[in-house]
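Working through the structure, step by step
Next come the chains, spelled out residue by residue.
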Amino acid sequence: MRKYNQILLVEDNPNDRELTVGALTEYNLANDIITVSDGVEALDYLFKRGKYKDRVNGNPGVILLDIKMPRMDGIEVLRIIKSDPVLKLIPVVMLTSSREEQDLLESYNLGANAYVVKPVDFHEFIVAIKNVGLFWAILNESVK
Amino acid sequence: MSLFEIKHISPKNLNLISKSISVLTILTGIAVLTGWVFDIPLLQSFFPGFIGMSPGSAAAFILSGLSLWFLNYTITKSWQIYAWQISAFSITLLGLFAILQFLLEINFGFTRRFIDDLASNEMKLSAVLMSPASGVNFVFIGISVLIYSRKYLAAARASISLTIIISLFSFINYLLNSRSYLHPGTTYPMSILSSILFTLNAAGYLFFFAIEWKGISLNFPERFRYKWQPYLAAFLMVLVAASLRLWPLQSLGLRTVWVTFYPAVMLTAIYGGFTAGLVAAFLSCFTALFLWPVFVDQPFIKDYGDLISMMIFLITCIMISGVAEVMLRAREREKQTNAALEKEIADRKAVENEIRKLNEVLEDRVKERTAELLMNEEKYRTFFSTSRDCVFITSNDGRWIEMNDAAVELFGYSSKDELFQIKIPDLYANPADRIKHISTIKELGYTKDYSVDLRKKDGSIINTLITSTVRYDEEGNIIGFMGTIRDITERKHAEEKIRNANRVYALLSNINQAIVRIKDKKILFDEACRIAVDDGKFIMSWIGIVNSKINKVEPVASAGLTQDYLASINIDLKDEKLSGGPTGLAIKSGKHIIANDIINDPTMIPWRGSAVKLGYRSSAAFPLKVFGKTIGAFMLYSSEEFFFDEDEVKLLDEMASDISFAIEFIENENVRKQNEEELRKSLERFSSTLDNMLEGCQIIGYDWRYIYINGSAEKHNRRPKAELLGNKYMDMWPGIEQTEVFKFIKRCLEERVNHYMENEFIFPDGAHGWFELSIQAVPEGVFILSHDITERKSAENKILKLNEELEQKVIERTAQLESVNKELESFSYSVSHDLRAPLRHIDGFIRMLQNSAKAKLDEKSIRYLGVISGAAKQMGQLIDDLLHFSRMGRTAINYSTIDMNNIVTDVKNEIMATLMNDKYDWQISNLPTVTTDYPMIRIVWMNLISNAVKYSSKVDKPVIKIDSFQEKNEVVFYIKDNGAGFDSSYAHKLFGVFQRLHSTEEFEGTGIGLATVNRIISRLGGRTWAEGETGKGAVFYFSLPSKIN
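Residues numbered from 1 in each chain as written. Chains lettered and ligands numbered in written order. Predicted model: local features only at pLDDT ≥ 70, side-chain atom pairs only at ≥ 80, totals over all residues. Heavy atoms only, no water.

Re the overall build of chain A
Of regular secondary structure, chain A possesses five helices and five strands. Across chain A, contacts joining residues at least 24 apart in sequence account for 62% of those joining residues at least 6 apart. Accessible surface, chain A as shown: approximately 6900 Å² in total, 51% of it carbon and sulfur. (Helix = DSSP H or I, 4+ residues; strand = E, 2+ residues; numbered from the N terminus. Contact = heavy atoms within 4.5 Å. Areas by Shrake-Rupley, 256 points an atom, 1.4 Å probe, with all protein chains shown as cover.)

Okay, here's the thing in structure tokens:
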């Protein structure tokens, strides 16, 4: 069996989180999903701070990052990730319910690798997550 | 001619070269001779291996050198002459010997002593004898020197030139034949040294000749010239003597050798004197010594006897020569004496000649004087007869003695003879005059310019001046008179004319003065008439002016003797007779008319009687012309007949034209005065206009002083004008120099530049006023037209202020709107995120529920789940469309040029791709290019086309037509379908948000698409509208402006 890369899902909304994990589970990816609820936590995880101080596993193969979050939003997280010499190599997929162009532009400017609008249609949503997850988690060789 | 000519070498240098050559030649000759004597081959030939120069040639060269030396030497002594002449002679002889030797194949034996031991040496043998060519050369040299002294210069030069040619030939021969030429016995070649020396020598001679030729004469003493004949004679004599002795008299033997030589020497001496005799004697010895061994083949002097006989011969010869010399000199002296005598005779003859010439000159003078005297008399006679003055000689008893032609002419007679018949007293006009005249002459002895009237043959009187003297006889008695008569009749006449002319001049001048002085016509006329009578001495004068109403001439002024003449004159211009007099004619013709003889003038008939009675004898009328039109005439009357002659009339014409001019001037003056008055009035009018103008008018002079201020300006200035007028601008308005307006007034004053401006003026009390100022250059200075615009300005200011406030408000409002817009934006952002999330969750979890609980749920429950999911999706679509709609109102517009065809096709294809249905009939026309925003217009077409497809989807054969047309300022696009259409009474609702005319069941839709279209098109500056009918399709139009600002 192939070893999948870890997926870091940054999502504040528990419903969305559940739905996303559900969708990923459908493709047997749930074991490799680490979920954090906001930007601060995501950075703690990535930089091994706070409660993730003793984290031993390696960095995720892909980060699914929601934009609209309390405390620190996804754009800010993306900026910090992409300015770190090591972390910037991790592919980042922006997940958002917004179709606002400004978010899209800013995300790509900051170096986001993909941008996925969370469709309301669950089916579409599943397809989107599936595509992104498979692509990044399966096909891409991660940088160790 | 010489072979070369020397042009560029100075005589001094030529002389030097020539002398150098002579020295060189002598030295060479001596060297060769030395060679022969001491048997040194090198010295003999100079060129080893070549044949040497013969001793004879060497000797000849020495002589030639000497000769050349002497030639170049300034010859002062006779021996020098002899030296070169003998040298030349000897050279010739040596040359001749050489030739003879060759021709006769004999050896004269001069060089025998060199040959003795030469039998074995052929070359030397050949050298010993002089070559014939050298001989010829020496002959030429000798001859040229000899003949040179006779000045056969050209021949001498030619002769010398020949030697060069011969030498060169020899030289060339050497070059060509090499040594083969050396064979002795066959030829006698010239040595190479000789040929060189000959050339050199010849050059030396030619240089010398060139000196002579260049004009430097040798300047021989005369007696040295032409004295070569005695030597030639000596030579010839000796030659003859030798010949005689050698051949015909050979039998006489040796003892009597001298027999023929004695006479030769004697003859020579007699002919040529001592030296010639001596030369002959030595030549004889020479011949005897050298010829004899050759021809007689034995030496001449064998013993002392021979020597003694030679000595005797020589002594005898010297004696003979001495005697001959004495005789010669005696002969010469005699010759000289004779010459002296002849000279004396010639002198005397010359003196005689001179005296004769002197006499001739004297005689000539006498003749000349006589002729002169004769001429003088002739002159006097001519003078007497041709004098233009009458010259006379009379006797005491009153008879003519002599008179000239002028006298005959003076008295009007046809000849002298005729005049001779007339007695002198009869010639006096007044016999008493003669008695007085004669007594005056007798008393004074003469009269000078005595004025007497004489009578001519025809009886007319002439005025004369007589200048005469008394003639006395030897005893002192008066025998008569002589003198001249001058006719002064014409002069007197001329004097009279001048007097008249002076009168007229005075008249003219006084009238001119009057013209200057008098500015009134009537007075001028009176004065002119008075002057004519007083100064012009006319008996009467008057001025008539034409009365154009009755066409008659009316007298307006007169002076002098008139009585009732003028009252009755009645010059009617309509009547031919009454206007035929001078006055009428002058007025009619515009020219002066003269009636010089009133008594006999037919034109004067109407007035003759009274005129004659008043003493008028002649009259003249002069037209008076004003501005080219004759207005009357000036008439003058004289008591003399024929008073008006050409000169006077000319002056009087001038006077008339002066008076005319004066009248013109007066008229002009009147007109001018009238104009001035009018001008003054008009000025007054202008001035009052200015005074009453609403605009302020001010004039400032060049000195900055106020000249003029009108009422309005007074108000504008807010100061009484009396306060300003005459004062300086800057004194009245302190501080004005710093203002704009002052600058422009200054510029206008100085540069005459006009300026228009609006100026805010601050009055001394601090009040402000706005004025429109027009600053203009006028002759007086600067004209300032001012218009009070203070009120207008304050209104303008108010408007300006209002505008500013308005602008401020707009800015504020815009800012407000912008902030509202921003709020709206963040609101819609939130909506898009936060409203969508729950829907997504509903949909998501239902899906998950369906997955997990599908087996437990009944069909009804499953349908409920489907409805919930559909509602959630519907809500999501609604939110998306609303966001889209709101974004269309906010996004910035980017204009670009867009081909509508591309967009329409693109959008159509995109929509059709989702349908998988090609039942649609698309009729798309060619669409124009427009300038607009690409993404927006694409959304418009997307909405419209998808609508058309959607609403015609239930028709069997849907037809969609897309086209455009041009309106006035816009392009209109439309899309037409044959679908469901709409109820046109609701057409106004079509473009509103959430407005739908069909149910969702019939056609899906949110009701936002057309609202978005409407919003976009109105933002792009166009309009939208629609036409339709239920079930019959619809047409949707939108327009875009043709031009985008």
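Some details on the sheet that holds strand 15 (residues 768-778) of chain B
Residue and element names in this part refer to chain B. One open sheet holds the five strands; their spatial order is 13-12-16-15-14, and the pairing between them is antiparallel. On the outer flanks of this sheet lie strand 13 (706-709) and strand 14 (755-762), each paired with one strand and no other. Here the strands of the sheet are splayed against their neighbours by 25 degrees on average, with no regard to which way each runs. Across six bridges, the pairing between strand 12 (residues 696-701) and strand 16 (residues 781-788) is antiparallel. Each bridged residue has a counterpart across the sheet, and for Ile700 the counterpart in strand 16 is Val782. (Pairing = 2+ DSSP bridges. Axes fitted to C-alpha atoms, helices over the stretch in contact; angles between N-to-C directions.)

Observations regarding helix 20 (residues 605-614) of chain B
Residue and element names in this part refer to chain B. Within helix 20, the full set of buried residues consists of Trp607, Ala611 and Leu614. All buried residues of helix 20 project into a common sector of 50 degrees when viewed along the axis, lining one side. Helix 20 presents Ile605, Gly609 and Lys613 as exposed residues on the side facing more than 90 degrees away from its buried surface. On its buried face, helix 20 is in contact with strand 8 (571-572). Count one or two residues on from helix 20 and you reach Gly615, which has phi positive near 90 degrees. (Buried < 20%, exposed > 50% of the residue type's maximum accessible area, 1.4 Å probe, protein only. Arc of directions from axis to C-beta.)

Focus: the confidence of the model for chain B
Residues and elements named next belong to chain B. Per-residue confidence for chain B gives a mean pLDDT of 81, with 89% of residues at or over 70. A low-confidence stretch, residues 178-186 (pLDDT under 50), is modelled with 12 contacts involving residues beyond four sequence positions or located in other chains. Segment residues 213-226 is flagged for pLDDT under 50; beyond a separation of four residues in sequence, or across chains, it makes 28 contacts in the model. Scored as a whole, the predicted complex attains pTM 0.33, and scored at its interfaces, ipTM 0.74. (pLDDT = per-residue confidence, 0-100.)

Description of the packing of helix 1 (residues 14-25) of chain A against helix 26 (residues 790-853) of chain B
Helix 26 of chain B packs onto helix 1 of chain A with a crossing angle of 40 degrees between their chain directions and a minimal axis gap of 10 Å. Judged on the interaxial angle alone, helix 26 of chain B and helix 1 of chain A are oblique. As for how helix 1 of chain A packs across helix 26 of chain B, the hand of that crossing is left-handed. Residues Asn15(A), Asp16(A), Glu18(A) and Leu19(A) of helix 1 of chain A touch helix 26 of chain B, and the partners they reach there are Arg840(B), His841(B), Gly844(B), Phe845(B) and Met848(B). Considered class by class, the residues forming the contact of helix 1 of chain A with helix 26 of chain B number three nonpolar, three polar and three charged. (Parallel < 35°, antiparallel > 145°, perpendicular 65-115°, else oblique. Left-handed = near helix turned anticlockwise from the far one by under 90°. Nonpolar A, V, L, I, M, F, W, Y, C, P; charged D, E, K, R; others polar.)

What to know about the interface of chain B and chain A
One frequent convention defines the size of an interface as the accessible area lost when the parts assemble. In this assembly, 19 residues from chain B lie in contact with 21 residues from chain A. Summing the contributions of chain B and of chain A, the shared interface buries around 2000 Å²; its carbon and sulfur component is 53%. Summed over the three residues of chain B that lose the most area to chain A, namely Tyr829(B), His833(B) and Arg840(B), the buried surface amounts to 31% of that side. Our count for the contact surface shared by chain B and chain A stands at one salt bridge. Elements supplying a minimum of two residues to the side of chain B that touches chain A: helix 26 and helix 27 (859-888) of chain B. Looking at the side of chain B that touches chain A, its residues break down into six nonpolar, four polar and nine charged. (Buried area = accessible area lost by both parts, 1.4 Å probe. Salt bridge = Lys/Arg side-chain N within 4 Å of Asp/Glu carboxyl O.)

Side note on the sheet that holds strand 2 (residues 33-36) of chain A
Strand pairing in a sheet relies on backbone hydrogen bonds. The paired strands run either parallel or antiparallel. Residues and elements named next belong to chain A. Strand order in the open sheet made by the five strands is 2-1-3-4-5, with parallel pairing throughout. Every other strand in the sheet has two partners, leaving strand 2 and strand 5 (114-117) as the edge strands with one partner each. Direction aside, neighbouring strands of the sheet carry axes that sit 20 degrees apart on average.

What about the pattern of salt bridges?
Taken as a whole and assessed by the stated rule, the structure comprises 36 salt bridges over all chains. Residue Arg79(A) pairs with Glu76(A) through a salt bridge whose shortest N-O separation is 2.8 Å. Taken together, the residues Arg79(A) and Glu76(A), both in helix 3 (residues 74-83) and three residues apart, mark about one turn of the helix. The exposure class of Arg79(A) is partly exposed, given its relative accessible area of 34%. Here Glu325(B) and Arg329(B) are joined by a salt bridge, their closest N and O atoms 2.8 Å apart. With a gap of four residues between them, Glu325(B) and Arg329(B) both fall in helix 12 (residues 304-386), about one helical turn apart. In this structure, a network of salt bridges that share partners links the residues Glu758(B), Glu772(B), Arg792(B), Lys793(B) and Glu796(B).

Focus on the pairing of strand 5 (residues 478-487) of chain B
Residues and elements named next belong to chain B. As paired strands, strand 1 (residues 390-395) and strand 5 are joined by six bridges and run antiparallel to one another. Opposite Thr394, over in strand 5, you have Phe481 as the bridge partner. Strand direction decides the pairing type here: strand 4 (residues 461-472) and strand 5, joined by nine bridges, are antiparallel. Directly across from Thr469, in strand 5, lies its bridge partner Met482.

Observations concerning the side chain of Arg719(B)
Residue and element names in this part refer to chain B. Within the secondary structure layout, Arg719 lies in the loop between helix 22 (711-717) and helix 23 (721-724). Note on Arg719: relative accessible area 17%, which makes it buried. A distance of 2.7 Å separates the side chain of Arg719 from the backbone oxygen of Met732, its partner in a polar contact. Arg719 has contacts with Glu714, Leu724, Met732 and Trp733, leaving out every residue within four places of it along the chain. (Polar contact = N/O pair within 3.5 Å; in protein donor to acceptor, adjacent residues only side chain to side chain.)

Concerning the side chain of Thr260(B)
Locating Thr260(B) in the fold gives a position in the loop between helix 10 (229-246) and helix 11 (261-295). Side-chain polar atoms of Thr260(B) contact the backbone oxygen of Ala241(B), separated by 2.9 Å.

Points about the packing of aromatic side chains
Residue and element names in this part refer to chain B. Under the defined criterion, the tally for this structure stands at 30 aromatic pairs over all chains. With a centroid separation of 6.4 Å and an interplanar angle of 75 degrees, the aromatic rings of Phe261 and Phe313 are classed as edge-to-face. Taken together, the residues span a long stretch of sequence, with Phe261 in helix 11 and Phe313 in helix 12 at a distance of 52 residues. The two residues Phe261 and Phe313 agree in class, both being buried. On the basis of an interplanar angle of 85 degrees and a centroid distance of 6.1 Å, the ring pair of Trp941 and Phe973 is categorised as edge-to-face. Of this pair, Trp941 sits in helix 29 (residues 934-951) while Phe973 sits in strand 21 (residues 970-977), placing them 32 residues apart in sequence. Judged by its relative accessible area of 0%, Trp941 is buried. Among the residues examined, Phe973 registers a relative accessible area of 0% and is labelled buried. Following the ring pairs from residue to residue traces out a cluster consisting of Trp704, Tyr706, Tyr729 and Phe742. (Phe/Tyr/Trp six-rings, centres within 6.5 Å; stacked < 30°, edge-to-face > 60°.)

Brief notes about the packing of helix 2 (residues 39-47) of chain A against helix 3 of chain A
Residues and elements named next belong to chain A. At a closest axis distance of 9 Å, the pairing of helix 2 and helix 3 adopts a crossing angle of 20 degrees. Comparing their axes, helix 3 and helix 2 come out roughly parallel. When you trace helix 2 past helix 3, the crossing you get is right-handed. Contacts between helix 2 and helix 3 pair Gly39, Leu43, Leu46 and Phe47 from the former with Val77, Ile80 and Ile81 from the latter. Among the residues forming the contact of helix 2 with helix 3, the class breakdown is six nonpolar, one polar and no charged.

Here's the deal with unusual backbone geometry
The phi torsion at Lys48(A) lies on the positive side, around 55 degrees, for a residue other than glycine. Relative to the elements of secondary structure, Lys48(A) occurs in the loop between helix 2 and strand 3 (62-66). For Asn570(B), which is not a glycine, the phi torsion comes out positive at approximately 45 degrees.

Some words on a nonpolar patch on the surface
Residue and element names in this part refer to chain B. Taken together, the side chains of Val37, Phe38, Ile40 and Leu42 define a hydrophobic patch exposed on the protein surface, amounting to about 390 Å² of accessible area. You can see Val37 is positioned in helix 1 (residues 11-38). Look at Val37 and you get partly exposed, because its relative accessible area is 45%. (Patch = residues over 30% accessible without salt bridge, like charges linked within 9 Å, V, L, I, M, F, W, Y side chains within 5 Å.)

As for the environment of Val504(B)
As for its placement among the helices and strands, Val504(B) is situated in helix 17 (residues 489-517). Here Val504(B) is in contact with Glu648(B), Leu651(B) and Leu652(B), once residues within four sequence places are set aside.

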